[in-house]
Amino acid sequence: MKFKFLKNSPKFSKIFFLLLGMIIYYALNYAYEESSTNEFCESCHVHPQATQSWKIGPHVFNESGVTVNCVDCHLPPSGIDKFYAKATTGMRDLYGYIFKDSSDFNWDKMSQREFAEKHVYQEGCLNCHKNLFPPELNKKGQDAHLYFDQHKEEVLCINCHLETGHYHEKKVELSVISDQKEMYSEAAKVDKFENFIEKIPGTSINFEMIAIPSGKFLFGTDDQEEIKKANEIPANEVSLSKFWIGKTEITWNEYITFMKETGTEGRTEDQIIKAKQNKDVDAITGPTPPYGDPGQGWGKNLRPAITMTHYAAIKYCEWLSKKTGKKYRLPTEAEWEYAARGNTKGPYFFEGSPSDFTSEGFWKSLFGADTSNINSYCIYKENSLNKTNTPNSVKPNPFGLINTLGNVKEFCSDYYSENIHEIYKNQKNIKDPIGPGSGDEFVIRGGSYLSDAVDLRITARESTNQKAWLRTDPQIPKSLWWYSDSKDVGFRVVCEFNN
């Protein structure tokens, strides 16, 4: 036998296994250390943008000369969790290296917060940043870290420090960029019920309003629909008066104009609340400065404005009414659905079914979803690249409205009720319904760039979620103007017809 000498000599046996153990230990340790280097990560990573942005980011390109390595952020700092994460991450990256095409990788999407959260370990951040209150930390930072210290179970470091590990383009200053050079001295004059272009006096900003005729329609979903939710049924006949509604969602150009004219730079949230309570002092207050980049670094201009609160949207309408002399407001839920439907029937205003368009489910994950028609009308999960788009990228609905069923969800003026259609069922001759008289949340309608096709259906309903959408806001009190945890809701305005 080859190893007979080991049985005959216990002394040699011990030395042999000791040496074998040492060789195995050093081999494994060498493999472990080598596979933890930045060079190893870079050698097989399927998205080279990660390495490039890391090298010019604050964790490498800094005054101290300290380098934070890949594994410092993307693995737990120690323990069995580190070994487990290292093994699973390694297998995932190896799979990507072998089977995926790096040119198809959407780095912009994967560097957004909801995806980055899955690959950055909180313990790693705190392992290096042990002192959360260094002497040079400003008041805003102190408030934020105090809030974090009190809500560690809810808030992640990366919620505020997304740009720390990898370089991101410098945030764009809030400014209006418009090809329109004319400064309007007065608002549009409207003497008959037809489409018109509104002009905001004192600015070069205009936007188109679409005339929606009065009529009757079935508000909600009937039992014949293939896909429906309990809060959409039953359908009830509703009469609506004529009104105008914005052709597109409010753009950043329009919203930034509002911010600049009503700006509350330097005022705190509690000061705004006091001003709000004293209407004689401050008739229309404006947004406080946003805590981060409300445009998410995607560019602004004609993209839909997002991350403002429902309260801020109402104040925008009040400001716009004062500027133009017309009555602007958010659409009621019934007005929104009537305008989005455009005198059509079915789940969408175009041909197709949710079961064909959806990308959810096992078979769709293998063979893909039908996007042939919906792509032309909606910005949604399958074609958005995980961000909002400008209005010119899709076709309008039969009334001429753009992006009613995608791009961003839209605020309505109604308080949200789960069973509002059941309530309407018991009423006769329903005309211009405005929803419940009170509530905690508001209705939002239409899908967004994050939505699956099923959630783009005309009758799909959701509500605001004030508590969740302000979860990581460290301010006390929390902002009246900006949601810290919602970035796919905007709004369009309605102008009332006055005989």
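Scroll up to find the structure this text is about.
Cut-off values and rules
Residues numbered from 1 in each chain as written. Predicted model: local features only at pLDDT ≥ 70, side-chain atom pairs only at ≥ 80, totals over all residues. Heavy atoms only, no water. Helix = DSSP H or I, 4+ residues; strand = E, 2+ residues; numbered from the N terminus. Core = buried A, V, L, I, M, F, W, Y, C linked by side-chain atoms within 4.5 Å. Buried < 20%, exposed > 50% of the residue type's maximum accessible area, 1.4 Å probe, protein only. Contact = heavy atoms within 4.5 Å. Expected span 1.5 Å × (residues − 1). Pairing = 2+ DSSP bridges. Patch = residues over 30% accessible without salt bridge, like charges linked within 9 Å, V, L, I, M, F, W, Y side chains within 5 Å. Areas by Shrake-Rupley, 256 points an atom, 1.4 Å probe, with all protein chains shown as cover. Salt bridge = Lys/Arg side-chain N within 4 Å of Asp/Glu carboxyl O.

Student: Can you help me understand unusual backbone geometry in this one?
Tutor: Most of the time, phi is negative for any residue but glycine, and the peptide bond is trans. Cis geometry is found at the peptide bond from Ile233 to Pro234, where omega equals -5°. Residue position: Pro234 is located in the loop between β3 (215-219) and β4 (236-240). Residue Asn429 is not a glycine yet carries a positive backbone phi of 50°. By the secondary structure assignment, Asn429 is in the loop between α17 (420-425) and β8 (430-431).

Student: Which parts of the structure should I look at to understand the nonpolar core?
Tutor: Note on soluble globular proteins: their nonpolar side chains tend to be buried together. Among the nonpolar cores identified, the biggest contains 44 residues, and Tyr255, Tyr316, Phe411, Phe491 and Val493 are the most heavily contacted of them. Mapped onto this core, the elements with two or more residues apiece are β2 (206-212), α11 (252-262) and α13 (310-324). Tallying contributions element by element places α13 first for this core, with seven residues. In this view, Tyr316 contacts Ile250, Glu254, Tyr255, Phe258, Phe491 and Val493; residues no more than four positions away in its chain are not counted.

Student: In this structure, what is going on with α13? I would like to understand it.
Tutor: Three- or four-residue spacings in an α-helix give side chains the same orientation, since the helix completes a turn every 3.6 residues. Given a rise of 1.5 Å per residue, 15 residues ought to cover 21 Å, and the 21 Å separating the end C-alpha atoms of α13 matches this to within 8%. With respect to burial, α13 is a largely interior element, 11 of its 15 residues being buried. Within α13, burial applies to His310, Tyr311, Ala312, Ala313, Lys315, Tyr316, Cys317, Trp319, Leu320, Ser321 and Thr324. A positive phi of about 80° marks Gly325, the residue just after α13.

Student: Just to check I follow, could you spell out the pairing of β2 for this structure?
Tutor: For a regular strand, the rule is simple: side chains alternate between the two faces of the sheet. Counting buried positions along β2 gives five out of seven residues, so the element sits mostly inside the fold. Judged from the four bridges that link them, strand β1 (residues 196-199) and β2 form a sheet pairing that is antiparallel. Residue pairing in the sheet places Glu198 in a bridge with Phe207 of β2. Once β1 ends, the chain turns through six residues before running back antiparallel as β2, passing Gly202 with a positive phi of about 85°. Summarising the sheet, β2 and strand β5 (residues 243-246) pair through four bridges and their orientation is antiparallel. Note on β5: the bridge partner recorded for Ala211 is Trp244.

Student: Where do I start with the pairing of β5 in this structure?
Tutor: Burial along β5 is two-sided: Phe243 and Ile245 and Trp244 and Gly246, pointing in opposite directions, are all buried. Of the pairings in the sheet, the one linking β5 to strand β12 (residues 494-496) comprises three bridges and is antiparallel in character. Across the sheet, the residue bridging to Trp244 is Cys495, located in β12.

Student: When you look at the sheet that holds strand β9 (residues 442-445) in this model, what are you seeing that I'm missing?
Tutor: Think of a sheet as strands paired side by side through backbone hydrogen bonds, with each pair either parallel or antiparallel. The strand order across the open sheet formed by four strands is β10-β9-β7-β11, and the pairing between neighbours is mixed. Where the open sheet ends on each side, the last strands, each with one partner, are β10 (461-463) and β11 (489-490). Sheet topology note: the strand β7 (residues 409-415)/β9 ladder contains three bridges and is antiparallel. Bridge assignment links Glu410 to a residue of β9, and that residue is Arg445.

Student: Explain a nonpolar patch on the surface to me, please; I cannot follow it from the model alone.
Tutor: Taken together, the side chains of Phe12, Ile15, Leu18, Leu19, Met22, Tyr25 and Tyr26 present a nonpolar region at the surface, about 770 Å² in accessible area. With respect to the secondary-structure elements, Met22 resides in helix α2 (residues 10-34). For Met22, a relative accessible area of 39% corresponds to the partly exposed category.

Student: Looking at this model, I keep getting lost on the environment of Glu186. Mind explaining?
Tutor: By the element assignment, Glu186 lies in the loop between α10 (139-150) and β1. Taking the relative accessible area as the measure of exposure, Glu186 reaches 45% and is therefore partly exposed. On a C-alpha basis, the gap between Glu186 and Ile24 in space is 82 Å, while along the polypeptide they are 162 residues apart. Apart from residues lying up to four places away in sequence, Glu186 is in contact with Lys199 and Pro201.

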